[in-house]
Amino acid sequence: MSDKAAFYIKLKESLDNTTKFPADYLYKFIVPATGSGVSEIESLFRNKKASISTKASKTGKYISASVKVKLSSSDEVISYYKQAAAIEGIISL
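Criteria and cut-off values
Residues numbered from 1 in each chain as written. Predicted model: local features only at pLDDT ≥ 70, side-chain atom pairs only at ≥ 80, totals over all residues. Heavy atoms only, no water. Core = buried A, V, L, I, M, F, W, Y, C linked by side-chain atoms within 4.5 Å. Buried < 20%, exposed > 50% of the residue type's maximum accessible area, 1.4 Å probe, protein only. Helix = DSSP H or I, 4+ residues; strand = E, 2+ residues; numbered from the N terminus. Contact = heavy atoms within 4.5 Å. Polar contact = N/O pair within 3.5 Å; in protein donor to acceptor, adjacent residues only side chain to side chain. Salt bridge = Lys/Arg side-chain N within 4 Å of Asp/Glu carboxyl O.

(A) Here's a closer look at the nonpolar core. Core analysis: the biggest nonpolar cluster contains 24 residues, and Tyr25, Tyr27, Phe29, Ile41, Phe45, Val77 and Tyr81 have the highest contact counts within it. Put simply, the parts of the chain that give this core at least two residues each are α1 (3–18), β1 (23–32), α2 (37–44), β3 (62–71) and α3 (74–84). If near-sequence neighbours (up to four positions away) are discounted, Tyr81 is found in contact with Tyr8, Leu11, Tyr25, Tyr27, Phe29, Ser92 and Leu93.

What follows is the structure in structure tokens.
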């Protein structure tokens, strides 16, 4: 089993034990300031009425994005993490 697969299994277990869905979930991402990372994050959550805030790093090299969205299950939380992983240079916190 890959490290990512193990991570998602552990995350699902944790979410199922601590969260009553539907629930608001807060994603935190960091993307390079150059490139389309922020717009890709925005389009990923466009149909979910998510609240998205961004902040540039002190050096201006990175942008952090906080995404608050109401989701219906731990599987949906993980699905968005997996989709976000395809964004170039993204770091999920």
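(B) Representation of the side chain of Ser74 within the structure. Considering the arrangement of structural elements, one finds Ser74 in helix α3. Side-chain polar atoms of Ser74 contact the side chain of Lys12, separated by 3.1 Å.

(C) Highlighting the pattern of salt bridges. According to the stated counting rule, one finds 4 salt bridges in the structure shown. We note a salt bridge from Lys70 to Asp24, for which the minimum N-O separation is 3.7 Å. Here Asp24 lies in strand β1 and Lys70 lies in strand β3, a separation of 46 residues in the sequence. Between Lys48 and Glu76 there is a salt bridge whose closest N-O contact spans 2.9 Å. Of the two residues, Lys48 is situated in the loop between α2 and β2 (51–56) and Glu76 in helix α3; the sequence distance between them amounts to 28 residues. Residue Lys48 is classed as partly exposed on the basis of its relative accessible area of 28%. Glu76 gets classed as buried once you look at its relative accessible area, which sits at 16%.

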